[in-house]
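As a plain string of letters, each chain reads:
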Amino acid sequence: MVTEHRLSITRACGAAGLSRAAYYKVPPLPQQKDAEVIDALNGVVERNGRWGFWKCFDRLRLDGRPWNHKRVWRVYCELGLNIPRRTKRRIPKREPVPLAAGSFVNQGWALDFMHDVLYDGRRFRTLNVIDEANREALAIQVAQSLPASMLIRTMDRLVDWYGPPLSIRMDNGPEMTSHDFVEWAQRKGIALNYIEPGEPNQNAYIERFNRTFRAEVLDAYLFNSIEQVQAIADDWLTQYNEYRPHDALGGLPPKQFMPRLITTTAADSRNQLSA
């Protein structure tokens, strides 16, 4: 009325049935209006972080707070206290598997993940897979995200190329313990050797490979894109397998120490094992 009909404040307030004091009064901010409720809720949650809403509300009522549950629930949601809180995932107990290099290729593989960052701040991961017998690096898969589905696709590609291993050694990451990956290994007849939680020395071959990859690639370059990381990693993979002397292999590159047939199959491996 004041702006559109150009009435005075007195006439506009009279027409609307409001006092002039109501017109000039500034409404309080929600944070000010609910300050007492916020302080009381924060006090309860700070002392009892695992309590839910009704436990907190009952405690406020026992403390003599007069607010009804609707108001407390609204403030409770505005504070984000209704968001489910993540609980720690229990890792099953693992029996240690002896760390011993195989006597032939495809007897056992080892895999692990690594993290790094591009020059522009974007993070990426790498999936590293080696053969424990000759320390040959079978793959370095680079991506911003490497969920269980991509892990399975990468392992499928390696199995098609090299044949399935008898076992795979790894830690207890969510990708490796996922239902889909466990089912995939069962279909392929591959044993999954999980190390004990907090014992990376039980997967020492891949940990040593990660250290070399970190020093010679990840810490040696500033990467601008995922494609650039993959290209450099692929080139280094060839150098590592065919030219780089390996101390644990008597100064020989992995492929020279123990050559691999691309057509190796699980049946061939099991025949070698039985022989």
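Everything below is about the structure printed above this text.
Sequence order sets the numbering: in each chain, residues are counted from 1 along the sequence as written. Under the rules for a predicted model, residues below a pLDDT of 70 receive no local features and side-chain atom pairs below 80 are neither given nor counted, while totals for whole chains, interfaces and linings still include all residues. Values reported for side chains reflect all heavy atoms of the structure, with hydrogen atoms and water molecules removed beforehand.

Thoughts on the overall build of the protein
Right, so step 1: What counts as a helix is a DSSP run of H or I of at least four residues, what counts as a strand is a run of E of at least two, and both are numbered from the N terminus. Across its full length, the protein carries 12 helices and five strands.
Right, so step 2: Residues classed as buried in the protein amount to 40% of the 275 residues present.
Right, so step 3: Any pair of residues with heavy atoms lying within 4.5 Å of one another is described as a contacting pair. The contacts in the protein between residues at least 6 apart in sequence include a share of 61% that link residues at least 24 apart.
Right, so step 4: All accessibility values rest on the Shrake-Rupley procedure with a 1.4 Å probe; residue burial counts only the protein chains present in the view. As displayed, the protein has an accessible area near 16600 Å², and 52% of this comes from carbon and sulfur atoms. Residue burial is assigned from relative accessible area. The probe radius is 1.4 Å, only protein chains are included, and a residue is buried under 20% of its type maximum, exposed over 50%, and partly exposed in between.

Quick look at the sheet that holds strand E1 (residues 109-117)
Right, so step 1: The five strands are arranged E3-E2-E1-E4-E5 in an open sheet whose pairing can be described as mixed. This sheet does not close on itself; its edge strands, each paired only once, are strand E3 (137-143) and strand E5 (191-194). Neighbouring strand axes in the sheet, compared pairwise and without regard to direction, differ in orientation by 25 degrees on average.
Right, so step 2: Bridge analysis of strand E2 (residues 123-131) against E3 gives six bridges, and the strand direction is antiparallel. By the bridge assignment, Arg 125 is partnered in E3 with Ala 143.
Right, so step 3: Each axis is a line fitted through C-alpha atoms, and for a helix only the stretch in contact is used; angles between axes span 0 to 180 degrees, taken between their N-to-C directions. Helix H8 (residues 179-188) rests against strand E4 (167-170) and E5 of the sheet, and its axis sits at about 135 degrees to E5.
Right, so step 4: Across the sheet, helix H9 (residues 204-218) touches E1, E2 and E3, and the angle it forms with E1 is around 35 degrees. Being paired, for any two strands, means DSSP has found at least two bridges between them.

Points about the pairing of E5
Right, so step 1: Both E4 and E5 contribute to a ladder of four bridges, which runs parallel. Bridge pairing in E5 links Ile 168 to Leu 192.

Details of the packing of aromatic side chains
Right, so step 1: Two aromatic rings, drawn from Phe, Tyr or Trp (for Trp, its six-membered ring), form a pair once their centres lie within 6.5 Å of each other, and the interplanar angle then sorts them: stacked below 30 degrees, edge-to-face above 60, tilted otherwise. Applying the stated rule across the entire model yields 15 aromatic pairs.
Right, so step 2: Here Phe 53 and Trp 73 contribute two aromatic rings whose centre-to-centre distance is 5.0 Å and whose plane-to-plane angle is 80 degrees, an arrangement assigned as edge-to-face. Highlighted residues: Phe 53 in helix H5 (residues 53-62) and Trp 73 in helix H6 (residues 69-78), separated in sequence by 20 residues.
Right, so step 3: Ring plane angle 20 degrees and centroid distance 5.7 Å describe the contact between Trp 73 and Tyr 76, whose orientation is recorded as stacked. With Trp 73 and Tyr 76 both in helix H6, this residue pair falls three residues apart, about one helical turn.

Some words on unusual backbone geometry
Peptide bonds are trans in most cases, and residues, glycine excluded, mostly fall at negative phi.
Right, so step 1: Although it is not a glycine, Asn 106 adopts a positive phi angle of roughly 70 degrees.
Right, so step 2: Tracing the backbone shows Asn 106 in the loop between H6 and E1.

Topic: the side chain of Glu 175
Right, so step 1: Its location among the elements puts Glu 175 in the loop between E4 and H8.
Right, so step 2: On the basis of relative accessible area, Glu 175 is assigned to the buried category, the value being 12%.
Right, so step 3: Polar contact is the term for a pair of N or O atoms within 3.5 Å; when the atoms are in protein, one must be able to donate a hydrogen and the other to accept it, and sequence-neighboring residues count only if both atoms are side-chain atoms. There is a polar contact of 2.9 Å between the side chain of Glu 175 and the side chain of Arg 125.
Right, so step 4: For Glu 175, the residues in contact, after removing those within four places along its chain, are Phe 113, Arg 125, Leu 146, Pro 147, Ala 148, Leu 151 and Phe 181.

Observations concerning the nonpolar core
Right, so step 1: Here, the term nonpolar core denotes a set of buried Ala, Val, Leu, Ile, Met, Phe, Trp, Tyr and Cys residues that are joined through side-chain atoms within 4.5 Å. Judged by nonpolar contacts, the single largest core of 24 residues is most densely connected at Trp 109, Leu 111, Val 129, Met 155, Leu 158, Ile 168 and Trp 184.
Right, so step 2: Where this core is concerned, the elements lending two or more residues are E1, E2, E3, helix H7 (148-162), E4 and H8.
Right, so step 3: When near neighbours in sequence (up to four residues on either side) are disregarded, Ile 168 contacts Trp 109, Leu 111, Met 155, Trp 184, Ile 190, Ala 191, Leu 192 and Asn 193.

What about the packing of H5 against H6?
Right, so step 1: For the pair H5 and H6, the least separation of the axes is 11 Å and the interaxial angle reads 125 degrees. Of the possible angle classes, the one that applies to H5 and H6 is oblique. Classified by chirality, the crossing of H6 by H5 is right-handed. In contact with Phe 53, Trp 54, Phe 57 and Leu 60 of H5, H6 contributes His 69, Val 72, Trp 73 and Tyr 76. Here the angle decides the label: under 35 degrees means roughly parallel, over 145 means roughly antiparallel, 65 to 115 means roughly perpendicular, and every other value means oblique. Should the near helix be turned counterclockwise from the far one by less than a right angle, the crossing is left-handed, whereas a clockwise turn marks it as right-handed.

A word on the pairing of E4
Right, so step 1: Residues Ser 167 and Arg 169 point to one face of E4 and Ile 168 and Met 170 to the other, with burial holding for every one of them.
Right, so step 2: One ladder, built from two bridges, connects E1 with E4; its direction is parallel. Bridging from a neighbouring strand, Ala 110 pairs with Arg 169 of E4.
Right, so step 3: The handedness of a crossover follows from its direction of travel: if, with the strands pointing away from the viewer, the path from the first strand over the helix to the second runs clockwise, the crossover is right-handed. Once the chain exits E4 it traverses H8 before rejoining the sheet at E5, and the crossover so formed is right-handed.

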